[in-house]
Amino acid sequence: MARSSQTYIDSFLKDFGERHAAEPEFVQSVREVAGSLGGLLDKHPEYQDAAILERISEPERLIQFRVAWTDDAGKVQINRGYRVQFSSLLGPYKGGLRFHPSVNRSVLQFLGFEQIFKNSLTGLWLGGAKGGADFDPKGKSDAEVMRFCQAFITELANYIGPDTDVPAGDIGVGSREIGYMFGQYKKLAGEFHGSLTGKGVDWGGSNLRPEATGYGLVYFVEAMLQERDDSLDGKTVAISGAGNVAQYAAQKALQQGATVLTMSDSDGTIYDADGIDNEKLQYIMKLKNAERGRIREYANKYETAEFKEGQAPWGVKADVYLPCATQNELDEAGAKQLVVHKPLIVAEGANMPTTPEAYQVLRQAGIAFGPGKASNAGGVAVSGLEMAQNSSRTQWSHEDVDERLQSIMQDIHAKCVKYGKDDTGATDYVRGANAAGFQRVAQAMLSQGIV
Ligand code: NDP
Ligand code: 2IT
């Protein structure tokens, strides 16, 4: 006999929190999802009986391995590598690889858990996974990065494949790293197939994969604005981060007629009151992607800009905020700074950049909030399209992929509205995204039996 949903969720979260006391990010992400499911579990008592929540919050497999490599000075270096194969309910395990010193089991389990529901929302056949290593690419030579990537993928190679598990990029893993890993993987496998996404467009990659997360984020924001008969045209946008997601979010925001005021990295924020236009964005792309420089250099080049050392962009007044750097970068203090500017929207390009306390501040201020598993799903969606193109040995045009991406983001937005609309007619995008993503997973789990 099922208990009341809320009692059940509370008791589940209490047990989960105790079992994972040393994994705060993982607990945070599970809390966020489970906390949204009251209404859905009321309607589906069978989910409780089948222990869907208990099963889906336990990774199917967690692989940890040693990565040994040699630096340019000939010194032996050791890093810890991981792959969390979280759920294969909806397709091959799918999710990025992160190379950053902060990588650990907690961070990767949170990211893998998020990925299950994000991938579910895309409507594609994608399971959920995440992986990476506590390797810091900053300050490493190209040759060192190549040797590390080769050592890393040599260990992971036995566990991945086009129908098994398909990694891609994330923080610290871009086209350079995917190239080195693909080269080594292909040599080991003796076959050329789509076992990684984010490949170069001339050697198996999809058009628009580099742009997809940032562009998808802006398409999602446009859909949110359209709900209130508004658009990005003429709006000001503050972006955090200066990496892959931030760069292409900025590019698409400019195309939509917005003014981009900020970008940042872990040293601080550049604020350009005149706006970061296309030419200035090209400079940032070259600075970050080719020269691997720091965002502060922008303020040396452009007099209109100010570098705010050690600060995030939340103190700058804007209509739309797009956190695109990392988890928990928008905290309660940041949210309090931000709400003073009475923005329309905060939408997450990064995974879980908003702390639960910050989210409450935004919610109480009535700011529309796009949660990452919905708003940043464009990247993995185009990865899914890359897999489809690889399987059929074809390549779709830029326009074709863009059309599909727009349609997927609008579809995700519609699901959030369908599952998240409350009695007042307002949409709770967090509840909508979690309930819609969870339901597809839960139905698959019921159908596939206890395995
Ligand atoms: P990149 O490595 O290209 O860029 C990361 C950016 O975030 C850099 O500007 C980096 O600054 C900043 N950053 C990283 N860690 C921190 C930190 N601890 N504090 C402050 N700034 C930090 O990564 P992506 O753009 O690919 O990823 C950004 C976010 O988007 C991540 O949360 C990722 O999980 C998420 N995401 C990425 C997708 C993708 O397709 N790439 C898809 C969906 C989500 P610095 O150089 O100083 O470290
Ligand atoms: O967080 C994410 O969705 C990603 N890093 C992209 C994953 C993917 O497989 O393209």
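Please read these numbers as outputs of a predicted model, since none were measured by experiment.

### Some details on the sheet that holds strand 11 (residues 345-347)
Okay, step 1: Spatial strand order, 9-8-7-6-10-11-12: 7 strands in an open sheet with mixed pairing. Because the sheet does not close on itself, it has two edges, and the strands there are strand 9 (305-309) and strand 12 (368-370). Going from strand to strand, the sheet's axes swing by 15° on average, the running direction of each strand aside.
Okay, step 2: Two strands pair when backbone bridges link them, and strand 8 (residues 268-272) and strand 9 are joined in this way by 5 bridges, in the antiparallel orientation. Bridged to I270 within strand 9 is F307.

### What about unusual backbone geometry?
Okay, step 1: The residue D229 is not glycine, and still its phi comes out positive at about 55°.
Okay, step 2: Following the sequence through the fold, D229 ends up in the loop between helix 9 (209-226) and strand 6 (236-240).

### Some thoughts on the packing of helix 9 against helix 17 (residues 398-420)
Okay, step 1: Interaxial distance between helix 9 and helix 17 falls to 9 Å at its minimum, and their mutual angle equals 45°. With respect to each other, helix 9 and helix 17 are oriented oblique. Along this stretch, helix 9 crosses helix 17, giving a crossing that reads as right-handed. Contact residues: A212, Y215, G216, Y219, F220, A223 and M224 in helix 9; D402, L405, Q406, M409, I412, H413 and C416 in helix 17.

### A short note on the environment of Q150
Okay, step 1: Topologically, Q150 is positioned in helix 7 (residues 142-156).
Okay, step 2: Residue Q150 is classed as partly exposed on the basis of its relative accessible area, which comes to 26%.
Okay, step 3: Linking Q150 and Q28, residues 122 residues apart in sequence, is a C-alpha distance of 33 Å.
Okay, step 4: Ignoring any residue separated from it by four or fewer positions in sequence, one finds Q150 in contact with Y180 and Q184.

### Things to note about the packing of helix 17 against helix 18 (residues 429-448)
Okay, step 1: With their axes 7 Å apart at the nearest point, helix 17 and helix 18 run at an angle of 100° to one another. As the angle between them shows, helix 17 and helix 18 are arranged roughly perpendicular. Counted together, H413, K415, C416, V417, Y419 and G420 of helix 17 and Y429, R431, G432, A433, A435, A436 and Q439 of helix 18 form the full contact between these two elements.
Okay, step 2: Of the residues that constitute the contact of helix 17 with helix 18, the class distribution is 7 nonpolar, 4 polar and 2 charged.

So, how was this worked out
Residues numbered from 1 in each chain as written. Chains lettered and ligands numbered in written order. Predicted model: local features only at pLDDT ≥ 70, side-chain atom pairs only at ≥ 80, totals over all residues. Heavy atoms only, no water. Pairing = 2+ DSSP bridges. Helix = DSSP H or I, 4+ residues; strand = E, 2+ residues; numbered from the N terminus. Axes fitted to C-alpha atoms, helices over the stretch in contact; angles between N-to-C directions. Parallel < 35°, antiparallel > 145°, perpendicular 65-115°, else oblique. Left-handed = near helix turned anticlockwise from the far one by under 90°. Contact = heavy atoms within 4.5 Å. Buried < 20%, exposed > 50% of the residue type's maximum accessible area, 1.4 Å probe, protein only. Nonpolar A, V, L, I, M, F, W, Y, C, P; charged D, E, K, R; others polar.

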